[in-house]
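Descriptive analysis of the structure
Below, each chain spelled out in residue letters.
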Amino acid sequence: MQWFTSAAGTALSIIADPYATLFCALGVSFLLLSSVLNVRNLVKDSARDFSPVMMYFVSVFALLFLLPLAIILLRGRQTGISPALVGLGPGNWKLGLVLTVVCLPFSFIGLWAGINDPALKNYYPFSKEAMSGAGRFALYESAYLVLYYLPWEFTFRGVILFSLLALLPHTAASLVIVVMVSTFLSTIFHIGHPSSEVLGAFILGVIAGTLTALTGSFLYALFHHALVGILNDFIAYRGRVRTQRLGRETA
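Everything numeric in this text was worked out from a predicted model, so none of it was measured.

**Digging into the packing of aromatic side chains**
Evaluation of the coordinates by the stated rule reveals 26 aromatic pairs. With a centroid separation of 4.5 Å and 45° between ring planes, the pair formed by Y144 and Y149 is classed as tilted. Y144 sits in the buried class, given a relative accessible area of 3%. Here Y149 falls in the buried class, since its relative accessible area comes to 3%.

Okay, structure coming up:
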């Protein structure tokens, strides 16, 4: 009975701490998105993958954006956590704009590497059915930005990075630790993707994490991440349209 009382007391102390609650919720979210709600498990027929991929995007938005945001809004006041303090805001916008421009060459290098990698070209976009028409493709990419990229950066570069930064001493070593931890987690989430993307996720993670920590906002990292991903999809879509047009002309 004593062990039960001790375990219950430990559980209550965890629930009482907003940071612990937040990270426990994210742990469950990661588990679900890596298993039953993983895009590879949801897509059963590659010819009809639009709806399953959209379901995956909605799941990501609910578990990596709405859930942690709700915990922050409901429990954050106890420890001073707020959406702005986890990067949901402009932060130091002057520095952010400068660093966004400075980092553009790295984004375009990553894009160039992606469009020349056969494995990545076959892997993206997640939904091949989304390329069946301009309207559907526009809807898909809009959902990709809002329901996927925004939650991704909010959790990995916002909540995780700034929460750890708040819990650690304000030193240069702490900055390195939080950037690397957020990078490790976001890179692990890419396991199963093409190996070149796993490497790119690590490099992007370090750059995006540093950019976020310096500016106090994940929005600048969001811009670069979405820029590369959406342009990569657009190039794939244009290539498919061009191939279909040539096929009709030669028929």
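**Structural notes on the packing of helix 7 (residues 134-167) against helix 8 (residues 172-188)**
Running from N to C, helix 7 and helix 8 cross one another at 145°; their axes reach a closest spacing of 9 Å. Every pair of crossing elements has a handedness; the one defined by helix 7 and helix 8 is right-handed. Of the residues in helix 8, those in contact with W152, F156, R157, I160, L161, L164 and L165 of helix 7 are S174, L175, V178, V179, V181, S182, L185 and S186.

**Quick notes on the environment of D233**
One can find D233 in helix 10 (residues 219-250). The buried category is assigned to D233, whose relative accessible area is 0%. Measuring from C-alpha to C-alpha, the distance between D233 and K128 comes to 9.9 Å, with 105 residues separating the pair along the chain. Excluding residues within four positions of it along the chain, D233 makes contact with Y124, P125, F137, Y140, E141 and Y144.

**Comments concerning the packing of helix 7 against helix 9 (residues 195-215)**
Where helix 7 contacts helix 9, the two axes come as close as 10 Å, and the packing angle between them is 65°. In terms of crossing hand, the pair formed by helix 7 and helix 9 is right-handed. Touching R157, L161 and F162 of helix 7 are G205, A208, G209, T212 and A213, all from helix 9. Residues of the contact of helix 7 with helix 9, tallied by class, amount to four nonpolar, three polar and one charged.

Here is what the cut-offs are and how they apply
Within each chain, residues carry numbers counting from 1 in the order of the written sequence. With the structure being a predicted model, the display of local features is reserved for residues of pLDDT at least 70 and the display and counting of side-chain atom pairs for 80 or more, all residues being used for whole-chain, interface and lining totals. For side-chain calculations, the full set of non-hydrogen atoms in the structure is used, while hydrogens and water are omitted. Classification of ring pairs rests on two measures: the distance between centres of Phe, Tyr or Trp rings, Trp counted by its six-membered ring, which must be within 6.5 Å, and the angle between planes, read as stacked under 30 degrees, edge-to-face over 60 and tilted in between. Partly exposed describes any residue whose relative accessible area lies between the buried limit of under 20% and the exposed limit of over 50%, with all areas from a 1.4 Å probe on protein chains only and scaled to the type maximum. Fitted lines through C-alpha atoms serve as axes, helices being fitted only where they are in contact, and the angles separating the N-to-C directions of these axes extend from 0 to 180 degrees. Strands are runs of DSSP state E lasting at least two residues, helices are runs of H or I lasting at least four, and both sets are numbered from the N terminus onward. Note: crossing handedness is left-handed where the near helix turns anticlockwise from the far helix by less than a right angle, and right-handed where it turns clockwise. Contacts were defined at the residue level, with two residues in contact if any of their heavy atoms lie within 4.5 Å. Residues are sorted three ways: Asp, Glu, Lys and Arg are charged, Ala, Val, Leu, Ile, Met, Phe, Trp, Tyr, Cys and Pro are nonpolar, and all the rest, Gly among them, are polar.

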